[in-house]
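Spelled out from the first residue to the last, the chains are:
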Amino acid sequence: SFQLSDRFPASAVEAFVDSLRLFAIGFSWGGFESLAMIYDINLVRSVAPWKYGGGYGATVRLQIGLEDTSDLIRDLERGLEVLGAEAEKTPKRTFR
């Protein structure tokens, strides 16, 4: 999992996940395929709620499967390019 900066609007984060070709969208149930999803950490946090804002944006959770590592890296690089491009052209609407 990784936490994005709040400079990335929700639409850019959604575009990032949607642009991934080798990652399906969803939770991992122990399968062998790579998965990605935008994740609200407060769904599983039991101590105190995570406070989004103050520089913190969406959390993206990855499950790395059995696909070729270099293919997965290239897919993530392409997705991050989409994230940046979308952030440049989209007004800010953050998660939470």
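Report on the accompanying structure.

Cut-off values and rules
- Residues numbered from 1 in each chain as written.
- Predicted model: local features only at pLDDT ≥ 70, side-chain atom pairs only at ≥ 80, totals over all residues.
- Heavy atoms only, no water.
- Helix = DSSP H or I, 4+ residues; strand = E, 2+ residues; numbered from the N terminus.
- Polar contact = N/O pair within 3.5 Å; in protein donor to acceptor, adjacent residues only side chain to side chain.
- Contact = heavy atoms within 4.5 Å.
- Phe/Tyr/Trp six-rings, centres within 6.5 Å; stacked < 30°, edge-to-face > 60°.
- Buried < 20%, exposed > 50% of the residue type's maximum accessible area, 1.4 Å probe, protein only.
- Lys NZ or Arg CZ within 6 Å of the ring centre and 35° of its normal.

1. Some remarks on the environment of Trp-29
Checked against the element boundaries, Trp-29 lands in the loop between β2 (24–25) and β3 (35–39). As a C-alpha pair, Trp-29 and Leu-76 span 47 residues in sequence and 21 Å in three-dimensional space.

2. Let's talk about the side chain of Thr-59
Tracing the backbone through its elements, the reader meets Thr-59 in strand β4 (residues 56–63). Here the side chain of Thr-59 touches Gln-3 through a polar contact of 2.9 Å, side chain to side chain. Residues within four places of Thr-59 in sequence aside, it is in contact with Ser-1, Phe-2, Gln-3, Met-37, Ile-38, Tyr-39 and Tyr-52.

3. Considerations on the packing of aromatic side chains
Each pair of aromatic rings is reported with the distance of its centres and the angle of its planes. In the structure shown here, the tally under the stated rule is two aromatic pairs. Taking 6.3 Å as the distance between ring centres and 75 degrees as the angle between the ring planes, the aromatic pair formed by Phe-2 and Phe-16 counts as edge-to-face. Here the residue Phe-2 occupies a position in strand β1 (residues 2–5), and Phe-16 occupies one in helix α1 (residues 10–19), the gap between them amounting to 14 residues. Residue Phe-2 is classed as partly exposed on the basis of its relative accessible area of 28%. Taking 6.0 Å as the distance between ring centres and 80 degrees as the angle between the ring planes, the aromatic pair formed by Phe-27 and Tyr-39 counts as edge-to-face. With Phe-27 in the loop between β2 and β3 and Tyr-39 in strand β3, this residue pair connects regions lying 12 residues apart in the sequence. One Lys or Arg, Arg-61, reaches over the ring of Tyr-39 and ends 5.6 Å from the middle of that ring.

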